[in-house]
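Given next are the chains, with one letter for each unit.
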Amino acid sequence: MTAKIGGAATSKVIARMTAPTGIGSSLAALTAPGDKPAAVDLGQIRAQYVAADLAERSGVVKYPSIQVYCEKVVNDLKEKFRSFSGRVQMSVEVRHSQDRLDGLQQALELYTDAVTAVLSAGRGDWGDGMFYGGGYEVGFGAVKSGGKNFIQVAKITFEIGVSRN
């Protein structure tokens with residue numbers, strides 16, 4: 001049952017990110033007129049928990065890359081007669097790479113802000129017994145070599161409440 005719940009939560013997050021009101025519209029709202037950040041298409045958002053260097057070795061990766069995955073499933077049994085009543089800890093990793101260090105951090109922050117804007121707009125009931133309260137945590141990693149020359153990763157973690165029979 002936990003694998004189904006983790007997979008269902010991952011699907012819900014990806015559906016929110018790829019919706020018309022998802023990352024694309026958030027990027028448009030966050031950028032100044034005349035600025036054009038690289039657009040995020042459906043192929044750049046994946047339901048995978050894979051290291052950046054391994055993903056690059058396995059095939060062509062287009063940046064920015066967004067990885068969505070379930071880190072932890074906790075059944076608290078808060079509701080007495082439910083088979084599952086707890087929370088799912090989700091992660092969204094935003095990976096950005098470019099050939100120069102200049103502007104890498106700013107671009108990563110822009111894409112991260114777009115993801116958190118989608119999450120903030122999605123507070124409430126997500127259907128199928130899932131709900132999102134609105135809290136999240138963002139962690140930024142150090143710049144490393146990889147990708148197009150330099151790569152940096154931001155990790156957004158949040159919890160989704162789940163109540164199912």
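You'll find the structure just up there.
Calculation criteria
Residues numbered from 1 in each chain as written. Predicted model: local features only at pLDDT ≥ 70, side-chain atom pairs only at ≥ 80, totals over all residues. Heavy atoms only, no water. Patch = residues over 30% accessible without salt bridge, like charges linked within 9 Å, V, L, I, M, F, W, Y side chains within 5 Å. Areas by Shrake-Rupley, 256 points an atom, 1.4 Å probe, with all protein chains shown as cover. Salt bridge = Lys/Arg side-chain N within 4 Å of Asp/Glu carboxyl O. Helix = DSSP H or I, 4+ residues; strand = E, 2+ residues; numbered from the N terminus. Polar contact = N/O pair within 3.5 Å; in protein donor to acceptor, adjacent residues only side chain to side chain. Contact = heavy atoms within 4.5 Å. Buried < 20%, exposed > 50% of the residue type's maximum accessible area, 1.4 Å probe, protein only.

Caption draft 1: Quick look at a nonpolar patch on the surface. Together, Tyr-136, Val-138 and Phe-140 give the surface a local cluster of nonpolar side chains, amounting to about 250 Å² of exposed area. Inspection of the secondary structure assignment puts Val-138 in strand E6 (residues 137-140).

Caption draft 2: Summary view of the side chain of Ser-163. By secondary structure assignment, the location of Ser-163 is in strand E8 (residues 149-164). Within the local environment of Ser-163, its side chain forms a polar contact with the side chain of Glu-79, the two groups lying 2.6 Å apart. If we ignore the near neighbours within four places in the chain, the residues touching Ser-163 are Glu-79, Arg-82, Phe-84, Ser-85 and Gly-129.

Caption draft 3: The arrangement of the side chain of Gln-98 in detail. With respect to the helices, strands and loops of the structure, Gln-98 is situated in strand E3 (residues 84-98). Given a relative accessible area of 17%, Gln-98 falls into the buried group. Within polar-contact distance, the side chain of Gln-98 engages the backbone oxygen of Arg-100 at 3.0 Å. The residues touching Gln-98, leaving out its near neighbours within four places in the chain, are Gly-103, Leu-104, Ala-107, Lys-148, Asn-149 and Phe-150.

Geometry only, nothing functional implied.
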